[in-house]
Amino acid sequence: MPIGPKSLSSRHYGLDWLRIGAFGVLILYHIAIAFSPWHWVVTTGHAYTALIAPMAAVTPWRLGLLFAVSGYASATLVARAATPHAFAAERSRRLLVPLAFGMLAIVPLEMWVRVLEGGYPHGYLRFWLLDGWRVGTFYGVEFPSWEHLWFLVYLWTYSMLLAAFVVTAGAARRMDRLAAWLSRGNRLLWAPIALMATIRLAALFVVPEGQGLLHDVAGHSQYLPLFALGYLVARRPALWRALHRHAAGAILLALVAGGVVVSVELQYPGDVVPPHLAMAANRAARSVMAWAMVAALFHLADRAFNRDHRLRKPLSRAVFPAYIVHHPVIVLVTWFTLPLALDPWREAALLLAATLLACAAAYGAARAWPGLGMLLGVPAPVAKGGRRPAIC
């Protein structure tokens, strides 16, 4: 049975497939949320409680998985870089350039829809030229905002923290000791979960939950440990063995924790605020499920999917531009089809078709024009015999 890639210069195809699958789930999730009882950027006018259970079951781990895969890729990039500073510079170029482009050209589309909902009377051109660059509240919407591109901001921050850590004296030895400690017994299951759940519960009634780099304690308590897991696993085969050894336990923990999360969300749907005890149980269960599901999926990726296919490379390269454009497409199509009063099945089919076409078009354009490819996170083609670009 395989245990990770043969070397750091090899690509782990299983984690590529995880990343592709996670983004597929992300598209379906964002389409589904427009039909759910939860508040979102814009809704279709349909609200189905049947969506609560499946959406609640993927919410705790869907983004954490992407951070874990990114942590694995970061280990490869750190090993290849001449210095930690070179790693930091490369990650800044790969993440901040698309972020800047998205903030200028993509995010304003969503912000326009947000203010239209609040009664904004003007078209997009005026909004983009004059009103989209405010600071503060405008038609009930907070400006500025990076909307769905927050993932790039968090990932860049974690990458810079990693660069700062690996440059310190003895960093490799400390990571070796941590990996060895986690590999013993069943520590790989309970220790990170205890850390994640403790921090999240400690902040639950103290720090408001919400996205925001400087105050998102709840998010960082989940995403940063999973990013670190990916990084450690890439460098230390003993952790792969521990993941495989505890796969059954991880699956069981994920199922039990998922049952708690789904039960609480069904009992208190939409924007209903649960009592403190139920809220704490929900948040603790989310931490358990986040770690356990990622551990189980890493095991599955290594054992069952660490093999190449002709579709893997284009799909993997398409994830970044598709991530940048998919969200505003869903928002815009939902908003402009509201007057049509489509039935939910037609609406969902239209949203899915429009999103997939837009993602394919973005990738195709990024490949055709290298300058646009840089803005959308698609690296230039590698010459034959060169190194493959690592996954994000």
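Help me understand the overall build of the protein in this model?
Each helix and strand in the protein was counted, giving 16 helices and two strands. Since a compact globule built from 392 residues should have a radius of gyration of about 21 Å, the 21 Å found for the protein is in line with a globular shape. A burial count over the protein gives 52% of its 392 residues as buried. Put simply, 78% of the contacts in the protein that link residues at least 6 apart link residues at least 24 apart. Summing over all exposed atoms, the protein offers an accessible surface of approximately 18,000 Å²; the carbon and sulfur share of this is 68%. Between the mean site of the 34 positive side-chain charges and the mean site of the 16 negative ones, the protein shows a separation of 16 Å.

Would you take a moment to explain a nonpolar patch on the surface for this structure?
A surface patch of nonpolar side chains, about 630 Å² in accessible area, is lined by Leu 104, Leu 125, Trp 128, Leu 129, Leu 130 and Trp 133. Looking at the nonpolar patch, the element that brings in the most residues is helix α6 (residues 124–131), giving four residues. With respect to the helices, strands and loops of the structure, Trp 133 is situated in the loop between α6 and β1 (136–138).

It is not clear to me how the environment of Pro 98 should be interpreted in this structure. Could you clarify?
Looking at the element boundaries, Pro 98 is found in helix α4 (residues 84–105). Under the relative-accessibility criterion, Pro 98 is labelled buried at 0%. When the C-alpha positions of Pro 98 and Val 378 are compared, they lie 9.5 Å apart, and in sequence the two are 280 residues distant. Contact partners of Pro 98, with chain neighbours within four places excluded, come to Arg 93, Leu 152, Phe 320, Ile 324, Met 374, Leu 375 and Gly 377.

Even after reading the chapter, I still don't get the pattern of salt bridges, so can you show me in this structure?
It is possible for side chains of opposite charge to pair when their charged atoms get near one another. If you walk through the whole model with that rule in mind, you get 10 salt bridges. Measuring nitrogen to oxygen at the nearest pair gives 2.5 Å for the salt bridge that ties Arg 312 to Asp 16. Linking Arg 312 in helix α14 (residues 312–337) with Asp 16 in helix α1 (residues 13–33), this pair joins segments that are 296 residues apart in sequence. Judged by its relative accessible area of 3%, Arg 312 falls in the buried class. For Asp 16, a relative accessible area of 0% gives the class buried.

What is the right way to read the packing of helix α3 (residues 62–80) against helix α10 (residues 217–235) from this model?
Axis angle and axis distance: for two packed helices, these are the angle between their axes and the distance between the axes, and together they describe the pair. Two elements in contact, α3 and α10, have axes separated by 7 Å at closest approach and are oriented at 40 degrees. The orientation of α3 with respect to α10, classified from their angle, is oblique. The element α3 and its partner α10 pack so that their crossing is right-handed. Judged by residue contacts, Leu 63, Gly 64, Phe 67, Ala 68, Ser 70, Gly 71, Tyr 72, Ser 74, Ala 75 and Val 78 of α3 engage Tyr 223, Leu 226, Phe 227, Gly 230, Tyr 231, Val 233, Ala 234 and Arg 235 from α10.

What is the right way to look at the packing of α3 against helix α13 (residues 276–304) in this model?
With their axes 9 Å apart at the nearest point, α3 and α13 run at an angle of 55 degrees to one another. Viewed along their axes, α3 and α13 adopt a mutual orientation that is oblique. With respect to the hand of their crossing, α3 and α13 are arranged in right-handed fashion. Along its contact with α3, which presents Gly 64, Leu 65, Ala 68 and Val 69, the element α13 presents Val 294, Leu 297 and Phe 298. Here the contact of α3 with α13 is composed, by residue class, of six nonpolar, one polar and no charged.

What's the story with unusual backbone geometry in this structure? I'm lost.
A negative phi angle characterises most non-glycine residues, just as the trans form characterises most peptide bonds. Each neighbour pair has its own omega, and for Phe 143 with Pro 144 the value is -10 degrees, a cis peptide bond. The phi dihedral of Tyr 139 falls on the positive side, at around 50 degrees, and the residue is not glycine. By the secondary structure assignment, Tyr 139 is in the loop between β1 and β2 (141–143). Taking relative accessible area as the criterion, Tyr 139 reaches 36% and is therefore assigned partly exposed. Although it is not a glycine, Glu 147 adopts a positive phi angle of roughly 50 degrees. Note on placement: Glu 147 falls in the loop between β2 and α7 (150–166). A relative accessible area of 10% places Glu 147 in the buried class.

Definitions and limits used
- Residues numbered from 1 in each chain as written.
- Predicted model: local features only at pLDDT ≥ 70, side-chain atom pairs only at ≥ 80, totals over all residues.
- Heavy atoms only, no water.
- Helix = DSSP H or I, 4+ residues; strand = E, 2+ residues; numbered from the N terminus.
- Rg over C-alpha atoms; globule rule 2.2 N^0.38 Å.
- Buried < 20%, exposed > 50% of the residue type's maximum accessible area, 1.4 Å probe, protein only.
- Contact = heavy atoms within 4.5 Å.
- Areas by Shrake-Rupley, 256 points an atom, 1.4 Å probe, with all protein chains shown as cover.
- Lys, Arg positive; Asp, Glu negative; His and termini not counted.
- Charge placed at Lys NZ, Arg CZ, Asp CG, Glu CD.
- Patch = residues over 30% accessible without salt bridge, like charges linked within 9 Å, V, L, I, M, F, W, Y side chains within 5 Å.
- Salt bridge = Lys/Arg side-chain N within 4 Å of Asp/Glu carboxyl O.
- Axes fitted to C-alpha atoms, helices over the stretch in contact; angles between N-to-C directions.
- Parallel < 35°, antiparallel > 145°, perpendicular 65-115°, else oblique.
- Left-handed = near helix turned anticlockwise from the far one by under 90°.
- Nonpolar A, V, L, I, M, F, W, Y, C, P; charged D, E, K, R; others polar.

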